[in-house]
Amino acid sequence: MADEDDNGFGEWGGYFEAKKSKLEEQFAAASDPFRKSNLFQGISIFVNGLTNPSANELKQIMMVHGGIYHHYERPHTKFIIASNLPDVKVRNMNTSKIISAQYIVDCLENKRVLDYKPYLLYTNQKTTQPRLHFGKGKNTSRTNESMAVPKSETAAEPPLVEPVEADLSNILNNLQQVVATSPKNETAAKAAVEVSVISNNSARTAVDPAFLSEFYKNSRLHHIATLGAGFKQYVCELRQANGGKPFPKRDELRSVLSCDQVMNMSAASVLYIMHIDMDCFFVSVGLRSHPEWRGLPIAVTHSKGGNAATDVPVHPQADRQAELKLFAERFEHQLHDNIRADKVRSGFDKKMSLSEIASCSYEARAKGIRNGMFVGQALKLCPELKTIPYDFEGYKEVAFALYDTVAQYTLNIEAVSCDEMFVDLTDLVEDLQVDVMSFVAHLREEVRNKTGCPCSAGVGTNKLLARMATKRAKPDGQYLLGPGTDVLGYMAPTALETLPGVGSSLRHKLEQAGLRNCADVQRTSLQTLESVVGKKLALTLYENCRGIDTRPLVYEQKRKTVSAEVNYGIRFTNNSECETFLRQLSAEVTTRLTDIKRKAKSIGLKVMVRAAEAPIEASKFMGHGVCDTINKSFILAHATDDVNVITSHVLRLMKESGLPPHELRGIGIHLSKLSEATEVKKDNVLLQMFEKMSEKRKGEPTVEVHEEPEPTVFKEKENDLEFKKPQDLPSVWDTVGWKNSANKSLDKSPVNVSDRLGNTTIDMEVFAQLPEYIRREVLENMDEHLIARSSGHSDRTRKNPIGGRRSSMPCPPSSLPRMENNCSTFPVPKDADGPLELLRAVKPTTAALMLNGLQNHLLGSNYKSMLADWVSNEQYPNPTDILMINSKLSELAQSKQMGRIYDIMKHLCRLIKKKRDNVCEWHMAYKVIEESVQHQLMAIESYMLKLPDTISCVICHKM
Ligand SMILES: Nc1ccn([C@H]2C[C@H](O)[C@@H](COP(=O)(O)OP(=O)(O)OP(=O)(O)O)O2)c(=O)n1
Ligand SMILES: [Mg+2]
């Protein structure tokens, strides 16, 4: 074929053909589970235009009764179903196969394939104007009236564009409507009912207003997370309520355990940490009402098991094989997670249920079944597996009984989850002088009596060993890894991924270095380990593999994040559906926030988008399938619990993502940087201004779009919501508005703030929350740090403790490297001498000098030249300098030197107005300083200073 014939559509044509074939295959695959008869076997239909029953209904009928539905007319399409077609259209068609939809209905009613000829729409195929055939022949059971084409169908002729993307849920919804609205059309209605019954109520998507509450009612992960967080809070409350009172239940124990089980006194100084965990928790709770099933392989899952789990409906647009390949590829090559790769490989078989097993009995485990496995796969391993439903109320009741039982004896409890905790038994053992394992046995028995469920417990000298001991103890047992145990030998065969903090990627890294179990690591030097995983991790690994774990128990755990996430049933067709859902989800997450009496400063949106190469529909009905995850976050100037604020940011973040609504498969809102609702600080002008400055800068985004091609079906860790500095942002902002990721864990201690200055960052948000006197100390430490760094010293012993002022300046060497960009660049006044000369060599700050008590320039007469030098010499206002000025103005405010403040501000304003470069940065700097000082004055004097001049720049004046 000549090249010119190929106008670019050749390839498209090929694609289109492939697509049509694929749709047919998908339809055939999807039909299987729905099939009730083979009535229409070998009959294919294509629906052209509006019909009654509708195209969707006809599609379902074909699906249920073994026919074939063509989304496009194909040469081999047997019948074209239509009501009326325009002449121009019919002229180009083979009218010998255009029949009325009634044909299908009548075949169904008669339960046999009838002669189609009486249903032909066009009997005289030679005429230019084809005539409508109104059911001549009358060998059908329908009346003329029922055969007549309804008005609505004949009026206009909108071509039926069959939405190839129409998902099963829409189809099912349509069918349900037919049932409701077409009582006459009983046969179609019956077929509709059959299909909708098969699919149960799973057709619900996030578009349904009741979806969210229904989703959370049934989401096991939601229940587990809520319970887990709840028990952390519960322990906190119990401890606060107890206030150090004795535990009367201990006295009972004294008499029960004292005779022959007195502890070995030589071990009295040893730490006894217990780890206690319910055995196959969900199953055990479920079996309380079915004791006759004890001893059988049982699993708790949403799937009904049996045929329902081995013959599940598959969406026509799903492609299990393609999805399996994608998942396996991602798990294996991107996450190095062979366990999950194997899981999909063995669980994605045709028609096998993709419901997960939440918990399985130990009898099921003996057959190779594991928690988290797909039901379909589990049934392959053990066809007699019995599945039982969830009982969320029961889990809560038993969990409370477990916690309350332990809490009678001690409140040194670290809650881990609803069925698991660490307990420090050291003081109890000392107090009661009992053998620790006798106590544990007594406790387990009490838990069993109260709950009807077994649990296991391990005891060790630290959390790691306690957990390791529980592994040995399970099921329904206890084990001590006490003093004198050969811990090295015990740990040796332990796989590294069993250790805390070792996920799939770290495991992969270690495996690459030939390290698989603790014995391998025990034989490796710390240095070698450091070269593999870095210094910090290496030490933890080195210790853990030897059974050493220095983590303390954490009794009072505060929530750090609150989130609401849905990754099931997300199927939007337009932005307005998406927006409605986002509003609902925002309300949900805000309620969760206010329930715990917190406010949040960071709002994060997590969006799961169908991966480009993933099939349109997921193999798991209404599941998310293979997705890419996009995280966006925004940091507010002030913590909030206002649903409107949260909603508007969520909507904006989604809008900015520009993602097409129909490609979304999961949405989560994460609130972090939480503070007590009651302790929210006063407006912090300084911080607010810096944030505004950052936002305004050349329209640069204040949110970070963090795209990671990460499959998130089984996401294992919380998102790190970062607030990164865009590449091209001037370094001047490094220290304030933007934080680098190394700073994520910055805590509020001023020492830490100054400690981390070496990472070119100070957390302004933290800084701004600090009381003035601590701010000054931070600055003081910062100066010291800068000087220490510039002099090439990193000796931390030279650092000031908090609150301590250095008595004398260190003497940096005369030839010093240039300071880093976060160093203040205030010029040193000309009249400096002595140690000042040395400081000039390293370009320290005026503020540093001020704070180190050498010279107080703003208080002196030369402040004008100092400010002039600063403004004229610096390209950008350095935030450190701004902080220094603020600090000094604050001092002036406190000592009521209003005249001096007035002069300084007036002069600074003039200087900045004369500036020609980067003016807006300087305008903003001035505003920050102005607002900060006014804020101070307001707080101290309850009035603001009327300044002679102000800055109103057209570019940044709105800020
Ligand atoms: N990804 C998860 C993890 C846990 N769970 C639920 C079901 C479990 O029954 C319960 C407790 O989790 P465990 O890990 O303690 O598992 P089991 O208690 O079922 O078994 P084991 O005897 O190993 O503790 O939490 C869940 O549904 N999905
Ligand atoms: Mg358990």
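As the structure is a computational prediction, the values presented were derived from the model and not from experiment. (Residues numbered from 1 in each chain as written. Chains lettered and ligands numbered in written order. Predicted model: local features only at pLDDT ≥ 70, side-chain atom pairs only at ≥ 80, totals over all residues. Heavy atoms only, no water.)

**A short note on the overall build of the protein chain**
Logical step 1: Each helix and strand in the protein chain was counted, giving 38 helices and 17 strands.
Logical step 2: Burial analysis of the protein chain (959 residues in total) assigns 52% to the buried set.
Logical step 3: Sequence separation of 24 or more characterises 72% of the internal contacts of the protein chain that already satisfy a separation of 6 or more. (Helix = DSSP H or I, 4+ residues; strand = E, 2+ residues; numbered from the N terminus. Buried < 20%, exposed > 50% of the residue type's maximum accessible area, 1.4 Å probe, protein only. Contact = heavy atoms within 4.5 Å.)

**Brief notes about the site of ligand 1**
Logical step 1: In the vicinity of ligand 1 there are 15 residues, among which R220, C280, F281, S359 and Y362 approach most closely.
Logical step 2: Between ligand 1 and N371 there is a distance of 3.1 Å, counted from an oxygen atom to a side-chain nitrogen or oxygen.
Logical step 3: K474 is positioned such that a nitrogen or oxygen atom in its side chain is 3.0 Å from an oxygen atom of ligand 1.
Logical step 4: Counting residues per element, the ones that place at least two in the shell around ligand 1 are α10 (220-242), β5 (273-278), α12 (281-287) and α16 (362-365).
Logical step 5: Tallied by class, residues from the shell around ligand 1 come to 7 nonpolar, 2 polar and 6 charged. (Near = heavy atom within 4 Å. Polar contact = N/O pair within 3.5 Å; in protein donor to acceptor, adjacent residues only side chain to side chain. Nonpolar A, V, L, I, M, F, W, Y, C, P; charged D, E, K, R; others polar.)

**Things to note about the sheet that holds strand β7 (residues 359-360)**
Logical step 1: If you walk across this open sheet you meet the 3 strands as β7-β6-β8, and the pairing is mixed. Taken across any chain shown, the strands that pair with only one partner, and hence form the sheet edges, are β7 and β8 (386-388).
Logical step 2: Here 3 bridges tie strand β6 (residues 298-300) to β8, and the two strands are oriented parallel to one another. What sits directly across from V300, in β8, is I388. (Pairing = 2+ DSSP bridges.)

**Comments concerning the coordination of the magnesium ion (ligand 2)**
Logical step 1: In this structure, D277 (OD), M278 (O) and D419 (OD) serve as the protein donors to the magnesium ion (ligand 2), at separations of 2.0 to 2.3 Å.
Logical step 2: All donor residues of the magnesium ion (ligand 2) come from one chain, and their arrangement in sequence is D-M-x140-D. Pair noted here: D277 is in strand β5 and D419 is in the loop between β9 (413-417) and β10 (420-424), with a separation of 142 residues, a long-range link. Each member of the pair, D277 as well as D419, carries the same accessibility label: buried. (Donors = N, O, S within 2.8 Å, 3.2 Å for Na, K, Ca; no water.)

**Remarks on the sheet that holds strand β3 (residues 79-81)**
Logical step 1: Strand order across the open sheet formed by 4 strands is β2-β1-β3-β4, with parallel pairing between neighbours. Two strands in the sheet have a free side with no partner beyond their single neighbour: β2 (68-70) and β4 (98-99).
Logical step 2: Note that strand β1 (residues 44-47) and β3 share 3 bridges and pair parallel. Residue F46 lies in a different strand from β3, and its bridge partner there is I80.
Logical step 3: Along the sheet face, helix α2 (residues 55-64) touches β1, β2 and β3 and points at about 170 degrees away from the line of β1. (Axes fitted to C-alpha atoms, helices over the stretch in contact; angles between N-to-C directions.)

**Observations regarding the packing of α10 against helix α18 (residues 392-407)**
Logical step 1: Following both chains from N to C, one finds α10 and α18 inclined at 25 degrees, their axes separated by 11 Å at the closest point. In this view, α10 runs roughly parallel relative to α18, as classed from their interaxial angle. Relative to α18, the crossing made by α10 is right-handed. Mapping the contact onto sequence places R220, H223, L227, F231, Y234, V235 and L238 in α10 and F392, Y395, K396, A399, F400, Y403, D404 and A407 in α18.
Logical step 2: Taken together, the residues of the contact of α10 with α18 sort by class into 11 nonpolar, 1 polar and 3 charged. (Parallel < 35°, antiparallel > 145°, perpendicular 65-115°, else oblique. Left-handed = near helix turned anticlockwise from the far one by under 90°.)

**As for the pairing of strand β14 (residues 598-610)**
Logical step 1: Among the 13 residues of β14, 13 are classified as buried, and the element is accordingly described as predominantly covered.
Logical step 2: Here β14 runs beside strand β16 (residues 664-676); their pairing, made up of 11 bridges, is antiparallel. The partner of I603 across the bridge, within β16, is L671.
Logical step 3: Relative to strand β15 (residues 627-640), β14 runs antiparallel, the two sharing 10 bridges. Residue pairing for β15: S602 is matched across the bridge by I635.

**A short note on the environment of N218**
Logical step 1: If you trace the backbone, N218 turns up in helix α9 (residues 211-218).
Logical step 2: Separated by 172 residues in the primary sequence, N218 and Y390 have C-alpha atoms spaced 8.6 Å apart.
Logical step 3: Once residues within four sequence positions are removed from consideration, N218 is found in contact with H302 and F392.
Logical step 4: There is a polar contact of 3.0 Å between the side chain of N218 and the backbone oxygen of E214.

**As for the pairing of β9**
Taken residue by residue, a regular strand's side chains alternate between the two faces of the sheet.
Logical step 1: Of all 5 residues in β9, 4 are buried, a share of seventy percent or more.
Logical step 2: Counted along the chain from β9 to the antiparallel partner β10, the turn is 2 residues long.

**Brief notes about the UniProt feature "binding site: Mg(2+)" (unreviewed entry) in the protein chain**
Logical step 1: Per the UniProt record, "binding site: Mg(2+)" (unreviewed entry) is annotated on D277, D419 and E420. Sequence-wise these annotated residues cover 144 residues; spatially they are packed, their C-alpha atoms never more than 5.5 Å apart.
Logical step 2: Excluding anything up to four places from it in sequence, D277 contacts D419, E420, C455, S456, T470 and K474.
Logical step 3: Within the secondary structure, E420 sits in strand β10.
Logical step 4: Beyond its immediate sequence surroundings of up to four residues, E420 is in contact with H275, I276, D277, L402, Y403, A415 and R467. (UniProt positions renumbered as here; feature names shortened; annotations may be inferred.)

**Considering the nonpolar core**
Logical step 1: Residues M274, F281, Y395, I413, L425 and F439 are the most contacted members of the largest nonpolar core, which totals 54 residues.
Logical step 2: Broken down by element, this core gets its largest block of residues, 8 residues, from α18.
Logical step 3: Those residues in contact with M274 that lie beyond four places of it in its chain are M421, F422, V423, L425, V440, L443, A457, G458, V459 and A466.
Logical step 4: Core analysis: the next-biggest nonpolar cluster, separate from the first, contains 35 residues, A564, I646, L651 and L671 among them. (Core = buried A, V, L, I, M, F, W, Y, C linked by side-chain atoms within 4.5 Å.)

**Let's talk about the pattern of salt bridges**
Logical step 1: Scanning all chains against the criterion turns up 40 salt bridges.
Logical step 2: Where D431 meets R254, a salt bridge forms, and the shortest distance between an N and an O atom there is 3.6 Å. Of this pair, D431 sits in helix α19 (residues 426-432) while R254 sits in helix α11 (residues 248-257), placing them 177 residues apart in sequence.
Logical step 3: One salt bridge in this structure joins E565 and K606, with 2.6 Å as the shortest N-O distance. Of this pair, E565 sits in strand β13 (residues 561-566) while K606 sits in strand β14, placing them 41 residues apart in sequence.
Logical step 4: Residue classification places E565 among the partly exposed positions, given a relative accessible area of 24%.
Logical step 5: One network of salt bridges, with partners in common, ties together R250, D251, R254, D427 and D431. (Salt bridge = Lys/Arg side-chain N within 4 Å of Asp/Glu carboxyl O.)

**Some points on the environment of A939**
Logical step 1: With respect to the helices, strands and loops of the structure, A939 is situated in helix α38 (residues 919-941).
Logical step 2: On the accessibility criterion, A939 (54% relative accessible area) is exposed.
Logical step 3: Put simply, A939 and Q894 are 45 residues apart on the chain and 9.9 Å apart in space, counted from C-alpha to C-alpha.

**Some words on helix α23 (residues 504-512)**
Logical step 1: Within α23, burial applies to S504, L506, R507 and L510. The buried residues of α23 occupy an angular sector of 160 degrees when projected down its axis, which confines them to one face.
Logical step 2: Buried residues along α23 sit in contact with α15 (338-347), α25 (526-533) and α26 (535-544).
Logical step 3: G514 lies just past α23 and shows a positive phi near 80 degrees. (Arc of directions from axis to C-beta.)

**Quick word on helix α4 (residues 102-110)**
Logical step 1: Burial within α4 is extensive, with 7 of its 9 residues counted as buried.
Logical step 2: Within α4, burial applies to Q102, Y103, I104, V105, D106, C107 and L108.
Logical step 3: The first or second residue beyond α4 is K111, which carries a positive phi of 55 degrees.

**Describing the packing of aromatic side chains**
By convention here, two paired aromatic rings are described through the distance between centres and the angle between planes.
Logical step 1: If you walk through the whole model with that rule in mind, you get 21 aromatic pairs.
Logical step 2: Pairing F79 with Y116 gives two aromatic rings, centres 4.9 Å apart and planes at 55 degrees, and the pair type is tilted. On the criterion of sequence distance, the pair formed by F79 in strand β3 and Y116 in the loop between α4 and α5 (144-147) is long-range, its members being 37 residues apart.
Logical step 3: Of the residues examined, Y116 reaches a relative accessible area of 26% and is grouped as partly exposed.
Logical step 4: A centroid spacing of 5.0 Å and a plane angle of 85 degrees characterise the contact between Y234 and F400, whose relative ring orientation is edge-to-face. Remark: F400 occurs in helix α18 and Y234 occurs in helix α10; sequence separation between them is 166 residues.
Logical step 5: You can call F400 partly exposed: its relative accessible area is 32%.
Logical step 6: Aromatic ring contacts, followed pair by pair, group F281, F282, Y390, F392 and Y395 into a single cluster.
Logical step 7: The ring centre of F634 lies 4.6 Å from the NZ or CZ of R652, which sits over that ring. (Phe/Tyr/Trp six-rings, centres within 6.5 Å; stacked < 30°, edge-to-face > 60°. Lys NZ or Arg CZ within 6 Å of the ring centre and 35° of its normal.)

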